[in-house]
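Coordinate analysis (summary)
So the chains spell out like this:
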Amino acid sequence: MARPPEEPKSRSEPRGNAVSQSIDALLADEVKVPPPPGMKDQANVRDLEIFDRFSEEHFPACFEEYARLLDWDRPWRTVLDTSKAPFWKWFVGGELNAAYNCVDRHLERHGDKAALIFVSEDESQPAQAVSYRDLYRRVNEFACLLRDFAGIRRGDRITFHLPMTPELPVSMLAAARIGAVHCQVFGGFSGAACGTRIADSGSRVLVTMDGYYRNGHWISHLDNVGAAVETAESLGQPVEKVLIWQRTPGKPPGSYRLKEGRDFYLDEVLPRYHGKAVPPERMRSEDPLFLMYTSGTTGRPKGCQHSTGGYLAYVTTTAKYILDIKPQDVYWCTADIGWITGHSYVVYGPLALGTTSVLYEGVPSYPDAERPWRISESLGVTIFHTSPTAIRQLRKTNPEGPARHKCRYRVLVSVGEPIEPEVWRWYHGKVGKGRAAVVDTWWQTETGGFLCSTLPAIHPMKPGSTGPALPGIYPVILDEEGQPVERGSGRAGNICIRNPWPGIFQTIWGDPQRFVDQYYKRYNRDPKSTDWRDWPYFTGDGALEDTDGYYRILGRIDDVIKVAGHRLGAKELESACLQVPGVAEAAAVPLADEVKGRVPDIYVALRPGVTPSSEMADRVKTTIIERIGKIAAPQHVYIVEDMPKTRSGKIMRRVLAAISNGVEPGDVSTLVNPEVVDAIRMIAGRRVGEGPGLSGETIRREVRDLD
Ligand code: WTA
């Protein structure tokens with residue numbers, strides 16, 4: 001079952017008429033690009049036999065292969081415990097420490113090797129290497145400070161609101177060393193957004209930084225502390241200590257005034273712990289390693305709780321098998337560590353493998369779109385990992401840029417959004433010069449690591465298609481009734497994973513019921529069952545499987561909007577709008593964007609007696625930025641007289657999204673007020689066919705799926 005891309009049965013089975021069938025097969029094959037020659041002899045995975053090892057009959061024991069890549073203080077007794085389904089427990093009885101696995105165990109052989117290379121956005125600053133030995137020292141000193149100065153104990157949660165500098169992985173690993181659960185909030189989120197996460201996780205300590213460079217500007221990050229602490233406290237969570245790293249020691253603070261007894265510059269406190277070491281805490285495999293907040297269908301972000309043993313085993317092995325990381329590689333993933341990709345594939349996976357991970361502070365296109373190629377050339381980057389948004393931007397700004405540099409990539413990785421075939425071809429042809437394997441990896445915050453991708457040395461690549469499922473992942477596409485869509489039929493449905501795997505998140509922090517309801521309830525066959533086969537994991541993505549066993553991800557079927565690869569919830573945007581006095585109703589919908597994939601468009605209706613004005617629209621926009629962050633800034637804010645609604649009073653977001661994107665709104669007969677459609681279209685100033693007109697079919701489908 002999990003052995004794509006062998007000839008699937010469905011291709012030889014009669015389907016439709018013979019002509020369309022052969023055209024399908026032709027298309028599927030025609031666009032495939034073979035893996036680079038010579039790669040197979042050196043890759044970490046060299047043949048398809050792996051899919052036999054990970055076939056269903058060997059599940060779950062097959063995943064011991066993953067756990068064996070780690071050093072355990074005590075071996076596990078049970079590979080998978082399903083007794084509290086769907087709260088899966090992996091490698092039960094095993095004990096280990098994540099920081100030990102990412103740092104200590106490399107000291108003997110790789111102590112002097114760079115664990116991290118930090119590249120400042122300011123190009124005049126030289127790249128800084130942090131060796132595994134340096135990392136060991138810095139992690140230990142900070143771990144000691146967290147324990148003795150901040151009073152952090154095993155199991156405590158601690159919130160980080162840090163930008164992309166080495167202090168972020170140092171802080172994460174220090175927390176992991178003493179058994180604390182870290183909750184890194186994306187640095188670009190606002191203070192208020194950070195505060196809600198502090199409160200939800202119950203953190204008593206916030207670790208932040210004075211500022212950082214972004215797009216050539218100094219961002220005074222410290223200004224977020226006030227709102228973060230106030231928001232957390234208003235939600236009932238006092239913040240006892242704020243620990244502040246300094247991006248450039250000695251730089252005078254901005255307008256923020258430190259609160260005595262609560263706020264501390266780490267440069268002043270850390271010297272007390274100079275040279276001190278803390279023994280790594282022996283953690284149970286199923287103890288939480290971190291929480292990663294992400295957006296879903298409600299306004300409240302959910303803290304996805306990831307385990308220590310299962311998660312680390314999964315990201316380490318998938319980094320080895322899919323990214324093909326070897327210790328001698330210089331690996332660069334541009335994702336921000338504040339998102340799951342950064343946790344799994346900037347920090348934990350690569351460092352557990354003892355490779356060199358590049359950490360870049362700023363935006364890839366600063367000061368120009370050749371920066372990534374200059375960095376890659378000068379550092380000798382062999383594996384480059386980024387998002388379709390970044391690739392689109394670099395391609396648009398400077399399509400010939402890569403040709404001017406001697407980059408020698410072996411593997412190129414795309415993550416976070418669907419990549420258009422023409423963008424894929426540029427990445428493969430221009431960036432990889434046709435010599436690199438491109439892997440389009442599909443997965444989610446919840447899944448810890450990759451679910452679908454081609455294996456770089458083995459599988460032919462198909463632009464626009466993520467590829468087959470990873471070894472040991474058994475997807476199924478289910479229709480609305482829960483019936484599997486015929487394999488290889490190319491029919492769209494809800495992609496689910498039939499089985500648990502070690503990287504799957506354990507629960508939503510503090511809300512186990514929401515965890516079950518959101519991810520398992522829909523297709524669960526028996527709520528009392530302890531058989532994993534009764535609990536397909538619901539991903540929330542629409543997808544189809546081609547005749548060759550490759551999956552094409554069509555996008556979210558819920559209210560999640562991926563803006564430049566960042567995951568935002570429509571409901572979060574809407575609740576921010578409702579904070580503005582005078583706003584009665586709000587709807588956030590995705591608008592197709594040439595570079596960012598999607599951007600939010602906002603529609604608001606005002607309370608009776610409130611006059612629409614451009615100031616009002618501006619207030620909505622600034623409130624969104626204050627409550628969430630700049631990444632959520634809407635493209636347009638439209639003030640409308642009335643929202644299109646169903647008889648039960650529900651706003652038909654599908655109709656609004658259709659208007660924004662200039663596509664047919666479809667059936668509007670269920671509206672109580674169909675007349676508003678034309679009025680809103682006038683306000684939005686867009687007629688059908690006048691949309692951004694990009695990825696036309698995809699946006700049409702997405703619009704249809706709303707509501
Ligand atoms: C989307 C990011 C198409 C998908 C790792 C998923 C993708 C959501 C791909 C998760 C891909 C991720 N092709 N779509 N290769 N990778 N997605 O939690 O809709 O930020 O559900 O995790 O991104 O976003 P998240």
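Scroll up to find the structure this text is about.
Residues numbered from 1 in each chain as written. Predicted model: local features only at pLDDT ≥ 70, side-chain atom pairs only at ≥ 80, totals over all residues. Heavy atoms only, no water.

1. Focus on the overall build of the chain
- Scanning the chain from terminus to terminus reveals 22 helices and 30 strands.
- Against the 2.2 N^0.38 benchmark of 27 Å for 707 residues, the chain shows a C-alpha radius of gyration of 25 Å, consistent with a compact globule.
- For the chain, the spread of C-alpha atoms along the three principal axes comes to 70 × 65 × 60 Å.
- Taking all 707 residues of the chain together, the buried fraction comes to 62%.
- Of the contacts made within the chain by residues no fewer than 6 positions apart, 72% connect residues no fewer than 24 positions apart.
- Carbon and sulfur atoms provide 50% of the accessible area of the chain, an area that totals close to 26700 Å².
- Positive and negative charge centroids in the chain, built from 87 and 90 side chains respectively, lie 2 Å apart. (Helix = DSSP H or I, 4+ residues; strand = E, 2+ residues; numbered from the N terminus. Rg over C-alpha atoms; globule rule 2.2 N^0.38 Å. Buried < 20%, exposed > 50% of the residue type's maximum accessible area, 1.4 Å probe, protein only. Contact = heavy atoms within 4.5 Å. Areas by Shrake-Rupley, 256 points an atom, 1.4 Å probe, with all protein chains shown as cover. Lys, Arg positive; Asp, Glu negative; His and termini not counted. Charge placed at Lys NZ, Arg CZ, Asp CG, Glu CD.)

2. What about the nonpolar core?
- Counting 127 residues, the largest nonpolar core has Phe63, Leu135, Phe142, Leu243 and Tyr348 as the members making the most contacts within it.
- Per element, the largest residue contribution to this core is 8 residues, and it comes from helix α7 (residues 132-148).
- Leu243 has contacts with Phe142, Leu145, Leu146, Phe149, Ala150, Val205, Leu206, Val207, Thr208, Phe264 and Leu266, leaving out every residue within four places of it along the chain. (Core = buried A, V, L, I, M, F, W, Y, C linked by side-chain atoms within 4.5 Å.)

3. A look at the sheet that holds strand β25 (residues 551-556)
- Read from one edge to the other, the open sheet built from 4 strands follows the order β21-β22-β24-β25, with strand pairing classed as antiparallel. Two strands in the sheet have a free side with no partner beyond their single neighbour: β21 (475-478) and β25. Between one strand axis and the next, the sheet turns through 45° on average, direction left out of account.
- Pairing between strand β24 (residues 537-545) and β25: 5 bridges, direction antiparallel. By the bridge assignment for β25, Leu544 is matched with Arg552. (Pairing = 2+ DSSP bridges. Axes fitted to C-alpha atoms, helices over the stretch in contact; angles between N-to-C directions.)

4. Notes on the state of the cysteines
- Per the counting criterion, the structure on display carries 0 disulfides.
- Sulfur of Cys194: no disulfide; nearest cysteine sulfur belongs to Cys183 and is 9.8 Å away.
- The closest cysteine sulfur to the non-disulfide-bonded Cys333 is located on Cys102, 15 Å from its own sulfur. (Disulfide = S-S within 2.5 Å.)

5. Side note on the pattern of salt bridges
- For the coordinates displayed, the defined rule picks out 45 salt bridges.
- The partner of Arg53 in a salt bridge is Glu65, and the shortest N-O contact between them spans 2.8 Å. Taken together, the residues span a long stretch of sequence, with Arg53 in helix α3 (residues 49-53) and Glu65 in helix α4 (residues 64-67) at a distance of 12 residues.
- Given the relative accessible area of 31%, Arg53 is considered partly exposed.
- Note that Asp559 and Arg653 form a salt bridge whose closest N and O atoms lie 3.0 Å from each other. Of the two residues, Asp559 sits in the loop between β25 and β26 (560-563) while Arg653 sits in helix α20 (residues 653-661), which places them 94 residues apart along the sequence. For the pair Asp559 and Arg653, a shared accessibility class is recorded, and that class is buried. (Salt bridge = Lys/Arg side-chain N within 4 Å of Asp/Glu carboxyl O.)

6. Some details on the side chain of Asn494
- In this structure, Asn494 sits in strand β22 (residues 493-497).
- A residue is classified by how much of its surface remains accessible, and Asn494, at 4% relative accessible area, is buried.
- Excluding residues that lie within four positions of it along the chain, Asn494 makes contacts with Val476, Ile477, Leu478, Glu480, Arg522, Tyr523, Phe538, Asp541 and Ile557.

7. Examining unusual backbone geometry
- Note that the residue after Phe59, namely Pro60, is joined by a cis bond; omega there is 0°.
- Inspection of the secondary structure puts Pro60 in the loop between α3 and α4.
- Here Tyr366 and Pro367 are connected by a cis peptide whose omega angle stands at -5°.
- With respect to the helices and strands, Pro367 occurs in the loop between β17 (356-360) and α14 (371-379).
- Not every positive phi belongs to a glycine, and Phe91 is a case in point at roughly 55°.
- Mapped onto the secondary structure, Phe91 falls in strand β2 (residues 89-92).

8. Description of the environment of Cys144
- Structurally, Cys144 is set in helix α7.
- Note on Cys144: relative accessible area 2%, which makes it buried.
- A C-alpha to C-alpha distance of 6.8 Å links Cys144 and Ala277, two positions 133 residues apart in sequence.

9. A short note on the environment of Glu626
- The residue Glu626 is located in helix α19 (residues 614-627) in this model.
- Given the relative accessible area of 52%, Glu626 is considered exposed.
- Measuring from C-alpha to C-alpha, the distance between Glu626 and Ala227 comes to 9.2 Å, with 399 residues separating the pair along the chain.

10. Notes on the sheet that holds β17
- As summarised here, the arrangement of the 7 strands in space is β5-β4-β17-β16-β18-β19-β20, forming an open sheet in which the pairing is mixed. Each having just a single partner strand, β5 (128-131) and β20 (437-441) make up the two edges of the open sheet. Ignoring which end each strand starts from, the neighbouring axes of this sheet average 20° apart.
- Where strand β18 (residues 383-386) lies against strand β19 (residues 411-415), 4 bridges are found, and the strand directions are parallel. Note that in β19 the partner of His385 across the bridge is Val413.
- Strand contacts of α7: β4 (114-119) and β5, with the helix running at about 75° to β5, the strand carrying the most contacts.

11. A look at helix α9 (residues 191-201)
- Of all 11 residues in α9, 9 are buried; the element is thus mostly enclosed.
- For α9, the full list of buried residues reads Gly191, Ala192, Ala193, Cys194, Gly195, Arg197, Ile198, Ala199 and Ser201.
- Following α9 by one or two positions, Gly202 adopts a phi angle in the positive range, close to 70°.

12. Some remarks on the packing of α9 against helix α10 (residues 224-234)
- It is the contact of α9 with α10, at a shortest axis distance of 7 Å, that shows an interaxial angle of 40°. In the packing of α9 onto α10, the handedness of the crossing is right-handed. From α9, Gly191, Ala192, Cys194, Gly195, Thr196, Ile198 and Ala199 reach across to α10, where they touch Asn224, Ala227, Ala228, Thr231 and Ala232.
- Residue classes in the contact of α9 with α10 are distributed as 7 nonpolar, 5 polar and no charged. (Left-handed = near helix turned anticlockwise from the far one by under 90°. Nonpolar A, V, L, I, M, F, W, Y, C, P; charged D, E, K, R; others polar.)

13. Looking at the site of the ligand
- Around the ligand, the surrounding shell holds 17 residues, and the nearest of these are Asp440, Thr441, Thr445, Asp541 and Arg567.
- In the model, an oxygen atom of the ligand is placed 2.8 Å from a nitrogen or oxygen of the Lys562 side chain.
- Within the side chain of Arg567, a nitrogen or oxygen atom sits 2.6 Å from an oxygen atom of the ligand.
- Protein coverage of the free-state accessible area of the ligand, which is 530 Å², stands at 96%.
- When residues of the shell around the ligand are traced back to their parent elements, those giving at least two are α13 (340-352), β20 and β25.
- Grouping the amino acids of the shell around the ligand by side-chain chemistry returns 6 nonpolar, 5 polar and 6 charged. (Near = heavy atom within 4 Å. Polar contact = N/O pair within 3.5 Å; in protein donor to acceptor, adjacent residues only side chain to side chain.)

14. Overview of the packing of aromatic side chains
- For the coordinates displayed, the defined rule picks out 44 aromatic pairs.
- Aromatic pair Tyr66 and Tyr321: ring centres 6.0 Å apart, planes at 90°, arrangement edge-to-face. Placement of Tyr66 in helix α4 and of Tyr321 in helix α12 (residues 309-321) is noted, with a sequence separation of 255 residues between them.
- On the accessibility criterion, Tyr66 (1% relative accessible area) is buried.
- For Tyr321, a relative accessible area of 11% corresponds to the buried category.
- Each member of the aromatic cluster is reached from another via a ring pair, and the members are Phe54, Phe59, Phe63, Tyr66, Trp72, Trp76, Trp90, Phe91, Tyr314, Tyr321, Tyr474 and Trp532.
- Its end group placed over the ring of Tyr550, Lys32 keeps NZ or CZ at 4.4 Å from the ring centre.
- Sitting over the ring of Phe189, Arg197 keeps its end group 4.7 Å from the ring centre. (Phe/Tyr/Trp six-rings, centres within 6.5 Å; stacked < 30°, edge-to-face > 60°. Lys NZ or Arg CZ within 6 Å of the ring centre and 35° of its normal.)

Coordinates in, geometry out; function isn't part of it.
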